[in-house]
Amino acid sequence: MTLPTPELHTAHLRLRPFADTDADALFALHSDTTVMRYWDSPPWTERARASRFLAKCRELADEGTGARLAIDRASDGAFVGWCALIEWDPEFRSASLGYCLSEAMWGHGYATESVHALLRWAFDTLDLNRVQAEADTRNAASARVLEKAGFLREGTLREDCVVNGEVSDSWVFGLLRREWLARTP
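Residues numbered from 1 in each chain as written. Predicted model: local features only at pLDDT ≥ 70, side-chain atom pairs only at ≥ 80, totals over all residues. Heavy atoms only, no water.

### Comments concerning the pattern of salt bridges
Defined as follows: The working definition used for a salt bridge is a side-chain nitrogen of Lys or Arg within 4 Å of a carboxyl oxygen of Asp or Glu. Helix and strand labels come from DSSP, where a helix needs a run of H or I of at least four residues and a strand needs a run of E of at least two; each type is numbered from the N terminus. In this scheme, a residue with accessible area under 20% of its type's maximum is buried, one over 50% is exposed, and one in between is partly exposed, where area comes from a 1.4 Å probe on protein chains only.
Across all of its chains, the model carries 15 salt bridges by this definition. Two residues, Glu166 and Arg37, come together in a salt bridge whose shortest N-O distance is 3.3 Å. In this pair, Glu166 sits in strand 8 (residues 166–176) while Arg37 sits in the loop between helix 1 (23–30) and helix 2 (48–63), placing the two residues 129 residues apart along the sequence. Taking relative accessible area as the criterion, Arg37 reaches 37% and is therefore assigned partly exposed. Connected via shared salt-bridge partners are Glu7, Arg14, Arg16, Asp22 and Asp72.

Spelled out as structure tokens, the structure:
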């Protein structure tokens, strides 16, 4: 089942399907050591990784398992980062949420705004019952984004990531449909 990748608009952002022309911006984002500090893989060192990422975006849509969206600032079209809904399971009505924003875009509310837009689309279009997300326990800013969207911290995955020899824990967050509906008009 194909999952169409939507184009979504918010007050400050446009979330859209990725294009091949996004490869340079993706490489810059994922090769930044500060951005990738709390990620579950090391920063990219090969530009070919961007092409593989874009191919995976198309594959997710074609397989019907997810949607990755580029985030642009509406005022000037600047690349902000990306957000995604992956591991969509129509039988269990569940999916996982992820996002990655460039450091220059931190602190402007763009992560929260894009997460809200993607969740609105996901709950309305895919009839989800549950969305799950994970955040490195050292990444307080990402945890705040999820909590502002209504996610509850459900537990800790102890030592679940080892990146460049560094072991880290992750928090698991969950958001149920009834909780989302109670928060949104």
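Additional details are given in the paragraphs that follow.
### Focus: unusual backbone geometry
One non-glycine residue with positive phi stands out, namely Arg93, at about 55°. Topologically, Arg93 is positioned in the loop between strand 4 (79–89) and strand 5 (94–101). The phi torsion at Asp127 lies on the positive side, around 55°, for a residue other than glycine. Note on placement: Asp127 falls in the loop between helix 3 (110–126) and strand 6 (130–136).

### Quick look at helix 3
Three or four residues apart is the spacing at which side chains of an α-helix point the same way, because the helix has 3.6 residues per turn. Under the convention used in this document: What a helix is expected to span follows from its residue count: subtract one and scale by 1.5 Å.
Across its 17 residues, helix 3 extends 23 Å between first and last C-alpha, which sits within 8% of the 24 Å expected from 1.5 Å per residue. Helix 3 sits mainly inside the fold: 13 of its 17 residues count as buried. Just beyond helix 3, the residue with positive phi is Asp127, at close to 55°.

### Considering the side chain of Ser142
What counts, and what does not: Polar contacts, as used here, are pairs of N or O atoms within 3.5 Å; protein pairs need one atom able to donate a hydrogen and one able to accept it. Residues neighboring in sequence count only if both atoms are side-chain atoms.
Considering the arrangement of structural elements, one finds Ser142 in helix 4 (residues 140–148). A polar contact of 2.7 Å, which involves the side chain of Ser142, links it to the side chain of Tyr99.

### Quick look at the layout of surface pockets
This is how it is decided: Put simply, the grid is 1 Å and covers the protein atoms alone, a cavity is a trapped set of points that fit a 1.4 Å probe, a pocket is an open set with protein on both sides within 12 Å along at least five of seven lines, and lining residues have an atom within 4 Å of a point. Grid points are joined across faces, edges and corners, and a volume is the space filled by probe spheres set on the points. In the scheme used here, Gly and all other residues not listed as nonpolar or charged are polar, with Ala, Val, Leu, Ile, Met, Phe, Trp, Tyr, Cys and Pro taken as nonpolar and Asp, Glu, Lys and Arg as charged.
Estimated volume of the largest pocket: approximately 1,400 Å³. If you go around the largest pocket, you meet 47 residues; those closest to its centre are Trp39, Gly98, Tyr99, Cys100 and Glu134. Of all elements in the fold, only helix 2, strand 4, strand 5, helix 3, strand 6, helix 4 and strand 8 reach the threshold of two or more residues within the lining of the largest pocket. A per-class count over the lining of the largest pocket returns 22 nonpolar, 14 polar and eleven charged. The space that makes up the second largest pocket amounts to roughly 160 Å³. Taken together, 15 residues form the lining of the second largest pocket, with Met36, Arg37, Trp39, Val163 and Glu166 sitting closest to its centre.

### What to know about the sheet that holds strand 5
Heads up, the rule is: Pairing between two strands is assigned when DSSP locates at least 2 bridges connecting them. In what follows, residue pairs with any heavy atoms lying within 4.5 Å of each other are defined as contacts. For helices, the axis comes from a line fit to the C-alpha atoms of the stretch in contact; other axes are also lines fit to C-alpha atoms, and the angle between any two N-to-C directions lies between 0 and 180 degrees.
On the basis of which strands lie adjacent, the open sheet formed by eight strands has the order 1-2-3-4-5-6-8-7 and mixed pairing. Only two strands of the sheet have a single partner each, and these edge strands are strand 1 (8–9) and strand 7 (152–163). Judged from the three bridges that link them, strand 5 and strand 6 form a sheet pairing that is parallel. When the bridges of strand 6 are listed, Ala95 appears paired with Val131. Here helix 3 sits on the sheet and contacts strand 1, strand 2 (13–17), strand 3 (67–73), strand 4, strand 5, strand 6 and strand 8; the angle it forms with strand 4, its principal contact strand, is near 30°.

### Considering the pairing of strand 3
Burial within strand 3 is extensive, with six of its seven residues counted as buried. Strand direction decides the pairing type here: strand 3 and strand 4, joined by six bridges, are antiparallel. Looking at the pairing, Ala70 lines up with Trp82 of strand 4.

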